[in-house]
Amino acid sequence: MSALGDHLRARRSATTPADAGLPDTGRRRVPGLRREEVAMLAGMSVDYYTRLEQGRETSPSGQILDALCAALRLDEDGRQHLYRLAGLSPRGDGSGGSERVDPALAQLMDAWPHHPALVLGRAYDVLVANRLGEALFSGFPTTRNLVEKVFLDPHSRSFYADWDAVAANTVAGFRLLEGAAPQHPRVRAVVDDLLGRSPEFARMWAQHRARGKRIETKRLVHPEVGALTLRMLSFDVRSAPGQELIVYQAEPGSPSADALALLGTLAATTADDGRR
């Protein structure tokens, strides 16, 4: 088997006939589409598609990949991931060097007293957070890795009001990231650890969904200030490929904005007490 074949098989199983615009013919022996249905939709022979899934064909063309993307209804993130698996898009070099945050970026984040902000490393490790970002996550008491927080932190289900959606999106984002740098030692360490410790992560990882972060709305329940509804915005850090800047924003004048302001006051008070 191959990474490309594993991915195609998982996405075929997750694509229903209705998704692909095919008639529902009743009970099916396999979940999702049959191999011959994918081959038909992509305009290729069943034998060729079978060889792709089985890892016996490892050099599909871009035209073939685009046809498979259309057949399996993959979005742009899914398309980029498929190209990487097929070796037609550059991947990371697997370097395990330290991930240093630009001091100027950290200084800029500290100048945002009303917006929690984090910089994530290649494996979703929180490399730096401003004061309100630290307060939003209660100082990261169990882990500074956001994937581990979702799946291993015992308080994550009460913190994330929509835990199921957050978990699915986190795994899909990490799958896309892993496809870009599959040999990065920290990425591999996080995946291997979670596969062994979290059955839920293992189940979602096996679905091979790949999707990057977008503007999202997060519903959180903070232990000190209660319910928060925040927009999450993600930006690539151009000066440090692989790093992401995450900024949270409350709707001005909303109860969430008031709660975030209270959280900022509590964090500042705690910091002042610590200095004294």
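Since the structure is predicted, the reported quantities are computational estimates derived from the model, not experimental observations.

**Q** I'd like a rundown of the pattern of salt bridges, residues and numbers included.
**A** One pass over the structure, following the stated rule, counts 18 salt bridges. The partner of Arg 12 in a salt bridge is Glu 53, and the shortest N-O contact between them spans 2.6 Å. Taken together, the residues span a long stretch of sequence, with Arg 12 in helix H1 (residues 3-14) and Glu 53 in helix H3 (residues 46-53) at a distance of 41 residues. For Glu 53, a relative accessible area of 0% corresponds to the buried category. For Glu 178, the salt bridge is made with Arg 188, and the minimal N-O distance between the two is 3.1 Å. Here the residue Glu 178 occupies a position in helix H10 (residues 163-180), and Arg 188 occupies one in helix H11 (residues 185-197), the gap between them amounting to 10 residues. With relative accessibility at 24%, the residue Arg 188 sits in the partly exposed group.

**Q** Describe the pairing of strand S5 (residues 244-250), listing the residues and the values that go with them.
**A** In terms of burial, S5 is largely enclosed, as six of its seven residues are buried. Where strand S1 (residues 117-120) meets S5, four bridges bridge the pair, whose relative direction is antiparallel. Bridge pairing in S5 links Val 119 to Leu 245. Of the strand pairs in this sheet, strand S4 (residues 226-236) and S5 are connected by seven bridges, and their pairing is antiparallel. When the bridges of S5 are listed, Arg 231 appears paired with Gln 249.

**Q** Account for unusual backbone geometry, naming residues and giving values.
**A** The phi angle at Phe 140 is positive, at roughly 50°, despite the residue not being glycine. Its place among the elements puts Phe 140 in the loop between helix H7 (131-136) and helix H8 (146-152). Under the relative-accessibility criterion, Phe 140 is labelled buried at 7%. The residue His 208 is not glycine, and still its phi comes out positive at about 60°. Tracing the backbone shows His 208 in the loop between helix H12 (199-205) and strand S3 (216-222).

**Q** Lay out the layout of surface pockets with the relevant residues and their values.
**A** The calculated volume of the second largest pocket comes to roughly 220 Å³. In terms of lining, the second largest pocket is formed by 16 residues, of which the most central are Arg 11, Leu 74, Asp 75, Arg 209 and Ala 210. Those elements that provide at least two residues to the lining of the second largest pocket are H1 and H10. Of the residues forming the lining of the second largest pocket, the biggest block, three residues, is contributed by H10. Broken down by class, the residue content of the lining of the second largest pocket amounts to five nonpolar, five polar and six charged.

**Q** Please set out the packing of aromatic side chains residue by residue, giving values where relevant.
**A** When we look at a pair of aromatic rings, we describe it by the centre distance and by the angle of the planes. One pass over the full model with this rule turns up nine aromatic pairs. Measuring from centroid to centroid gives 5.6 Å for Phe 137 and Phe 159, while their planes differ by 50°, and the two rings are tilted. Of this pair, Phe 137 sits in the loop between H7 and H8 while Phe 159 is found in helix H9 (residues 156-159), placing the two residues 22 residues apart along the sequence. This pair shows no difference in class: Phe 137 is buried, exactly as Phe 159 is.

The rules behind the values
- Residues numbered from 1 in each chain as written.
- Predicted model: local features only at pLDDT ≥ 70, side-chain atom pairs only at ≥ 80, totals over all residues.
- Heavy atoms only, no water.
- Salt bridge = Lys/Arg side-chain N within 4 Å of Asp/Glu carboxyl O.
- Helix = DSSP H or I, 4+ residues; strand = E, 2+ residues; numbered from the N terminus.
- Buried < 20%, exposed > 50% of the residue type's maximum accessible area, 1.4 Å probe, protein only.
- Pairing = 2+ DSSP bridges.
- 1 Å grid on protein atoms, 1.4 Å probe; cavity = no way out; pocket = protein on both sides within 12 Å on 5 of 7 lines; lining within 4 Å.
- Points joined across faces, edges and corners; volume = space filled by probe spheres on them.
- Nonpolar A, V, L, I, M, F, W, Y, C, P; charged D, E, K, R; others polar.
- Phe/Tyr/Trp six-rings, centres within 6.5 Å; stacked < 30°, edge-to-face > 60°.

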